[in-house]
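Results of the structural survey
Given next are the chains, with one letter for each unit.
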Amino acid sequence: MIDTIATEIPEGQERLRLEVGEDGLGILTLCRPDKLNAWSWESTRQLGLLADRIRFDDRIRAVLLRAEGRAFCAGIDVTAPGGAITGRSAAQRTRNYHEGIRWAHERFAAFARLPQPVVAAVQGYCLGFGFELALMADIRIAADDAVLALPEARLGVAVDAGGDLRIARDAGAGWAKLLALTGRRIDAATAERLGLLQEVVAPAELAEAARATAAEIAANAPLAVQSVKRSIDAYADAAMASALDRTALAAALTLTSEDAQEGYAAGAYRRTPRFEGI
Ligand code: COA
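Read on for an overview of the structure. Residue positions within a chain follow its written sequence, with the count starting from 1. Where totals are concerned, whole chains, interfaces and linings use all residues; where local detail is concerned, this predicted model gives features only for residues with pLDDT of at least 70, and gives and counts side-chain atom pairs only at 80 or more. Hydrogens and water are ignored here; the side-chain numbers use all heavy atoms of the structure.

The subject of this paragraph is the overall build of the chain. For the chain, the helix and strand inventory stands at eleven helices and nine strands. Computed over C-alpha atoms, the radius of gyration of the chain comes to 18 Å, within 12% of the 19 Å expected from 2.2 N^0.38 for 278 residues, which places it in the range of a compact globule. Its C-alpha atoms put the chain at 55 × 40 × 40 Å along the principal axes. Under the scheme applied here, a residue whose accessible area is under 20% of the maximum for its type counts as buried, over 50% as exposed, and between as partly exposed, the area being computed with a 1.4 Å probe on protein chains only. Within the chain, buried positions represent 46% of all 278 residues. Contact definition: two residues touch when any of their heavy atoms are within 4.5 Å. Looking at the chain alone, contacts between residues at least 24 apart form 72% of all its contacts between residues at least 6 apart. With residues, only the protein chains shown are counted as cover, and all accessible areas are computed by Shrake-Rupley using a 1.4 Å probe. As displayed, the chain has an accessible area near 13700 Å², and 52% of this comes from carbon and sulfur atoms. For the purpose of charge, His is not counted, nor are the chain termini; Lys and Arg are scored as positive and Asp and Glu as negative. Throughout, a charge is located at the NZ atom of Lys, the CZ atom of Arg, the CG atom of Asp or the CD atom of Glu. A gap of 5 Å separates the mean positions of the 32 positive and 37 negative side-chain charges of the chain. Comment: elements are numbered from the N terminus, with helices defined as DSSP H or I runs of at least four residues and strands as E runs of at least two. The globule rule is 2.2 Å times the number of residues to the power 0.38, and the radius of gyration it is compared with is taken over C-alpha atoms.

Shown next, in the form of structure tokens:
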């Protein structure tokens, strides 16, 4: 099962690292570059803990979300298919997945609804959950080598953390459907044209460009900045909570399907999946 109780991040087991700078920036770094920062239930647990710390740390006026290595995040760890959640029947597995996803959504909400604005710096692969995480940030700046996609349907599962909803919000429902239903990859220039990225720079300039934008926000009045973020989110995310509720059920249904097992196995062995709708 998922560890939903622990409140510590053991040394050497960090999936994310938080540093607080002198300049009012909280720097949140995905730090598993040898696995292209592939995401797990443990990553979600740590994100929730760190979001809770950031929320009440008044030294942090803006957050910079960044990732070590050549990729921002290559999505869910496909080498651990459903390993965290079990059940004695199909119904119980679906129920357990549903609760697991709801628990994950609560951690994601702690991050996505932080009072402090979040600027994401995206390089290389930004796939699946990686794209969804970047979309939880308030502003996205990417290197021109970024490759973005929601390949979940190719693996037999629904998009499970609201990435498709946030694309519908920012780029329109047609683009959300095109990207999530095909799993097609887009480059940084296309994502910028769609309004999913606010700035695209050369890879060597990414760190400085993202930091400069976060610092520009951090230099402004915190109460004003946080009020503006809240107001825009109240408008732009008005339908988000009820849609995410539906997403949790869709995720539970598809994660426990035979097509998901087939999709993950095909992904792990780099073969084409055979889906049957079961
Ligand atoms: N889960 C687990 N491990 C992953 C991973 C993932 N999603 N993505 C990459 N890795 C690991 C690889 O297994 C490899 O580890 P190894 O060196 O121990 O073998 C390492 O990260 C580097 O990846 P590699 O595949 O060698 O790099 P690449 O540049 O050839 O390809 C990708 C990069 C992203 C195209 C490819 O890794 C990939 O297709 N990953 C899966 C993407 C995916 O389907 N994500 C799920 C979305 S829902």
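Being near a molecule or strand, for a residue, means having at least one of its heavy atoms within 4 Å of it. Within the structure, the ligand sits among 17 residues, and Lys35, Arg70, Ala74, Ile76 and Val78 are positioned closest to it. In the environment of the ligand, an oxygen atom lies 2.7 Å from a nitrogen or oxygen atom belonging to the side chain of Lys35. Nitrogen and oxygen atoms within 3.5 Å of one another constitute a polar contact, given that in protein one can donate a hydrogen and the other can accept it, and given that sequence-neighbouring residues count only through two side-chain atoms. Note that a nitrogen atom of the ligand is positioned 3.5 Å from one of the side-chain N or O atoms of Asp77. In the complex, the protein chains occlude 67% of the 870 Å² of accessible area that the ligand would expose alone. Mapped onto the shell around the ligand, the elements with two or more residues apiece are strand S5 (125-127) and helix H4 (152-155). Residues are grouped as follows: Ala, Val, Leu, Ile, Met, Phe, Trp, Tyr, Cys and Pro are nonpolar; Asp, Glu, Lys and Arg are charged; all remaining types, including Gly, are polar. Taken together, the residues that form the shell around the ligand break down as nine nonpolar, one polar and seven charged.

Let us look at the state of the cysteines. Cysteine sulfur atoms that come within 2.5 Å of each other are treated as a disulfide pair. Counted under the stated rule, the structure contains zero disulfides. Just so you know, Cys73 is unpaired, no disulfide at all, and the nearest cysteine sulfur is the one on Cys126, 7.4 Å from it. Overall, Cys126 belongs to the buried group, its relative accessible area being 0%.

On to unusual backbone geometry. In this structure, Asn37 takes a positive phi of about 55 degrees despite not being glycine. Inspection of the secondary structure puts Asn37 in the loop between strand S2 (25-30) and helix H1 (41-55). Classification of Asn37 by relative accessible area gives buried; the value is 2%. One non-glycine residue, Arg270, lies in the positive phi region at around 55 degrees. Along the chain, the position of Arg270 falls in the segment after helix H11 (258-268).

To continue, consider the sheet that holds strand S8 (residues 186-187). By the convention used here, strands pair only if DSSP detects at least 2 bridges between them. In spatial order, the strands read S5-S7-S8; together these three strands make up an open sheet with mixed pairing. The open sheet has two edge strands, S5 and S8, and neither has a second partner. With two bridges joining them, strand S7 (residues 147-149) and S8 adopt antiparallel strand pairing. In the sheet register, Leu148 faces S8, and the bridge partner there is Ile186. Comment: axis = line fitted to C-alpha atoms, over the contacting stretch for helices; angle = value between 0 and 180 degrees taken between N-to-C directions. Sitting on the sheet, helix H3 (residues 129-136) is in contact with S5 and S7, with an inclination near 90 degrees to S5.

Our focus in this paragraph is the pairing of strand S4 (residues 118-122). Judged by how many residues are buried, S4 sits mostly within the fold: five of five residues are covered. Alternating residues of S4 divide into Val118, Ala120 and Val122 and Val119 and Ala121, and every residue in both groups is buried. Here strand S3 (residues 62-67) pairs with S4 via three bridges, running parallel. Each residue of the ladder has a partner; that of Val63, found in S4, is Val118. Here S4 runs beside strand S6 (residues 139-143); their pairing, made up of four bridges, is parallel. Each residue of the ladder has a partner; that of Val122, found in S6, is Ala142.

Further remarks concern the sheet that holds S2. Here we have six strands laid out as an open sheet, ordered S1-S2-S3-S4-S6-S9, and mixed in their pairing. For this open sheet the edge positions go to strand S1 (16-20) and strand S9 (199-201), each flanked by a neighbour on one side alone. On average, adjacent strands in this sheet sit at an angle of 20 degrees to one another, irrespective of strand direction. Inspection of the sheet shows S1 paired to S2 by five bridges, in the antiparallel sense.

Take helix H6 (residues 173-182) next. Those residues of H6 that fall on the buried side of the exposure criterion are Ala176, Leu179 and Ala180. For H6, the angular spread of buried residues about the axis comes to 90 degrees, placing them on one side. Exposed residues on H6 whose side chains face more than 90 degrees from its buried face are Gly174, Lys177 and Leu181. Buried-residue contacts for H6 involve H4, helix H5 (163-171) and S8. Of the residues trailing H6, Gly183 is marked for its positive phi of about 75 degrees. What the arc covers is the set of directions going from the helix axis to the C-beta atoms.

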